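So the chains spell out like this:
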Amino acid sequence: MTRIAAVRGVLPEHRYVQEEITEAFVAGWGLTGTKRSLLERLHTAVGVRTRSLALPIGGYAGLDGFGGANDAYIAASVDLGSRALTGALADAGLAPKDVDLILTVSTTGVAAPSIDARIASQVGLRTDVRRVPVFGLGCVGGAAGLARVHDHLRGWPGHVAVLVSVELCSLTLQRADLTPANLVATALFGDGAAAVVICGSAHDLPGAPSVRSTRSRLYPDSGHLMGWKVTGDGFGVMLDPDIPEMVRAHLADDVRGFLAGHGLAPEDITTWICHPGGPKIIDAVVETLDLAPSALALTRTSLQEKGNLSSASVLHVLSDTLAASPPSGGHALLMALGPGFCAELVLLDW
């Protein structure tokens, strides 16, 4: 089994309460009457209280189209990703020269050279570090990235690997788009980054959480549920209201089947680490798995305090879970859902 040596989540310095963000969109769109009321209801219904943004709230109006937003994405991603990685390595008692593999996940901007190459240069990773940039996984990327790093370390048990997730969702929001999906996105998504340091089994890390196994699930004929429509203006969000029903239809069987392969059942899981996709999705997870209302308390808190950070969110929840000192000797299930439509499950032992 591979070991999680450290997890560090970071947020941009520009932090706002939800009402400030709501008013900024109302003013930017010139909304009045029923349109203003609809936006206010959506911004209240998602349960987000505060969010951090890559730019000061007044800076978005000055962005010059897709190119300007993407330039801002690159600059902020390298800064946040480097801060997260440096902090995680320090927490693990390791140096940049110890890293053998860096895997980055992000779906809110594009870059070539890729973000991992820029972070490697800024942080001081070795020139022979192995790099794997991953684009397109969206909200499932944090869980999937952890699983793919685990796969690598099974073949290279002496390696130290790092996973870096950076998502700047605010830079993708379409300022001329009044579709329901974009309105929900303006209410729900925030910006942030996270880094995880994972070591192969040859490293002696007593007490560190271990990754026992992973499972991926891709659902057929569901690609329309979530993702991007890429246009000349940038990334246009696709968010289908049927996502919670997809969760109810499939997740429980997938979780039970995965756990059964390891002689476990949902009742044996002592800690649940779930991506905070939104209140309706969280409710669907709780209902379909018949969990106690408190099982996803940290997931709900993360949504309230940070919003949905796409791939970085589940890693923030993982960091918050470890900070709460879960009881040793138990099992945890980390899970997320994302474009595809797909699910990623990661079984952890404390």
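Computed from a prediction, not measured in an experiment: that's the story for all the values here. (Residues numbered from 1 in each chain as written. Predicted model: local features only at pLDDT ≥ 70, side-chain atom pairs only at ≥ 80, totals over all residues. Heavy atoms only, no water.)

1. What to know about the UniProt feature "domain: Chalcone/stilbene synthase N-terminal" (unreviewed entry) in the protein chain
Link 1 in the chain: Per the UniProt entry, the sites bearing "domain: Chalcone/stilbene synthase N-terminal" (unreviewed entry) are residues 73-199 in this numbering.
Link 2 in the chain: Between the C-alpha atoms that bound residues 73-199 the distance is 29 Å, and the span itself is 42% helix and 22% strand. (UniProt positions renumbered as here; feature names shortened; annotations may be inferred. Helix = DSSP H or I, 4+ residues; strand = E, 2+ residues; numbered from the N terminus.)

2. A few points about helix α10 (residues 313-323)
Link 1 in the chain: Of all 11 residues in α10, 8 are buried; the element is thus mostly enclosed.
Link 2 in the chain: For α10, the complete set of buried residues consists of Ser313, Val314, Leu315, His316, Val317, Leu318, Ser319 and Thr321.
Link 3 in the chain: One or two steps after α10, the chain reaches Ser325, where phi turns positive at roughly 55 degrees. (Buried < 20%, exposed > 50% of the residue type's maximum accessible area, 1.4 Å probe, protein only.)

3. Describing the side chain of Ser165
Link 1 in the chain: Within the secondary structure, Ser165 is located in strand β6 (residues 160-168).
Link 2 in the chain: A distance of 3.1 Å separates a polar side-chain atom of Ser165 from the backbone nitrogen of Ala312.
Link 3 in the chain: Look past the residues within four positions of Ser165 in its chain and what remains in contact with it is Val105, Gly192, Ala193, Ala194, Ser311, Ala312 and Leu315. (Polar contact = N/O pair within 3.5 Å; in protein donor to acceptor, adjacent residues only side chain to side chain. Contact = heavy atoms within 4.5 Å.)

4. Topic: the pairing of strand β8 (residues 210-218)
Link 1 in the chain: Both strand β1 (residues 2-10) and β8 contribute to a ladder of 2 bridges, which runs antiparallel. Its bridge partner lying in β8, Thr2 is registered against Val211.
Link 2 in the chain: As judged from the 8 bridges shared by β8 and strand β13 (residues 342-349), these two strands associate in the antiparallel manner. Within β13, the residue paired with Arg215 across the bridge is Leu345. (Pairing = 2+ DSSP bridges.)

5. Details of the packing of helix α1 (residues 18-29) against helix α6 (residues 180-188)
Link 1 in the chain: Close contact between α1 and α6 brings their axes to 9 Å; oriented N to C, the two are set at 145 degrees. Listed contacts from α6 to Gln18, Ile21, Phe25 and Trp29 of α1 are Asn182, Leu183, Thr186 and Ala187.
Link 2 in the chain: Each residue belonging to the contact of α1 with α6 can be placed in one class, and the counts come to 5 nonpolar, 3 polar and no charged. (Axes fitted to C-alpha atoms, helices over the stretch in contact; angles between N-to-C directions. Nonpolar A, V, L, I, M, F, W, Y, C, P; charged D, E, K, R; others polar.)

6. Description of the pattern of salt bridges
Link 1 in the chain: Counted by the stated rule, this structure contains 16 salt bridges.
Link 2 in the chain: Across the salt bridge formed by Arg36 and Glu23, the nearest N and O atoms sit 2.8 Å from each other. Separated by 13 residues along the polypeptide, Arg36 in helix α2 (residues 33-45) and Glu23 in helix α1 bring together distant segments of the chain.
Link 3 in the chain: In this structure Arg36 comes out as partly exposed when scored by relative accessible area, which is 28%.
Link 4 in the chain: Residue classification places Glu23 among the partly exposed residues on the basis of a relative accessible area of 38%.
Link 5 in the chain: A cluster of three or more residues bridged by salt bridges with shared partners is formed by Glu23, Arg36 and Glu40. (Salt bridge = Lys/Arg side-chain N within 4 Å of Asp/Glu carboxyl O.)

7. So, the sheet that holds β8
Sheet strands associate in pairs through backbone hydrogen bonding, adopting either a parallel or an antiparallel arrangement.
Link 1 in the chain: A sheet is described by the order of its strands in space; here 9 strands give the open sequence β5-β4-β6-β7-β1-β8-β13-β12-β11, paired in mixed fashion. Strand pairing shows two members of the sheet lacking a second neighbour, β5 (130-134) and β11 (269-274), which therefore form its edges. Here the strands of the sheet are splayed against their neighbours by 25 degrees on average, with no regard to which way each runs.
Link 2 in the chain: Here 9 bridges tie β6 to strand β7 (residues 191-199), and the two strands are oriented antiparallel to one another. Opposite Val160, over in β7, you have Cys199 as the bridge partner.
Link 3 in the chain: The sheet contacts of helix α5 (residues 141-155) involve β1, β4 (101-105), β5, β6, β7, β8, β12 (331-338) and β13, and relative to β8 the element is tilted by about 120 degrees.

8. Topic: the domain arrangement of the protein chain
Link 1 in the chain: What the domain assignment lists for the protein chain is domain 1 (3-199) and domain 2 (210-349).
Link 2 in the chain: The interface is formed by 53 residues belonging to domain 1 together with 45 residues belonging to domain 2.
Link 3 in the chain: Together, the buried faces of domain 1 and domain 2 total about 3,700 Å²; carbon and sulfur atoms form 67% of this surface.
Link 4 in the chain: Our enumeration of links across domain 1 and domain 2 arrives at 1 salt bridge.
Link 5 in the chain: With a closest N to O distance of 3.3 Å, Arg148 and Glu344 form a salt bridge.
Link 6 in the chain: Where domain 1 packs against domain 2, one counts 16 residue pairs in polar contact (both at pLDDT 80 or more). (Domains from an automatic or database assignment. Buried area = accessible area lost by both parts, 1.4 Å probe.)

9. Observations concerning the nonpolar core
Link 1 in the chain: With 85 residues, the main nonpolar core has Leu85, Leu171, Val255, Trp272, Leu289, Leu333 and Met335 as its most contacted residues.
Link 2 in the chain: It is helix α3 (residues 65-92) that provides the largest number of residues to this core, a total of 11 residues.
Link 3 in the chain: Summarising the domain contributions, this core has at least three residues from each of domain 1 (3-199) and domain 2 (210-349).
Link 4 in the chain: Once residues within four sequence positions are removed from consideration, Leu333 is found in contact with Val255, Phe258, Leu259, Ile269, Thr271, Trp272, Ile273, Leu345, Val346 and Leu347.
Link 5 in the chain: Core analysis: the second largest hydrophobic core is formed by 29 residues, Val211, Ile273, Ala336 and Val346 among them. (Core = buried A, V, L, I, M, F, W, Y, C linked by side-chain atoms within 4.5 Å.)

10. Let's talk about the UniProt feature "domain: Chalcone/stilbene synthase C-terminal" (unreviewed entry) in the protein chain
Link 1 in the chain: Residues given the UniProt feature "domain: Chalcone/stilbene synthase C-terminal" (unreviewed entry) here are residues 214-348.
Link 2 in the chain: Counted over residues 214-348, helix gives 37% and strand 28%. Its end C-alpha atoms are 9 Å apart.

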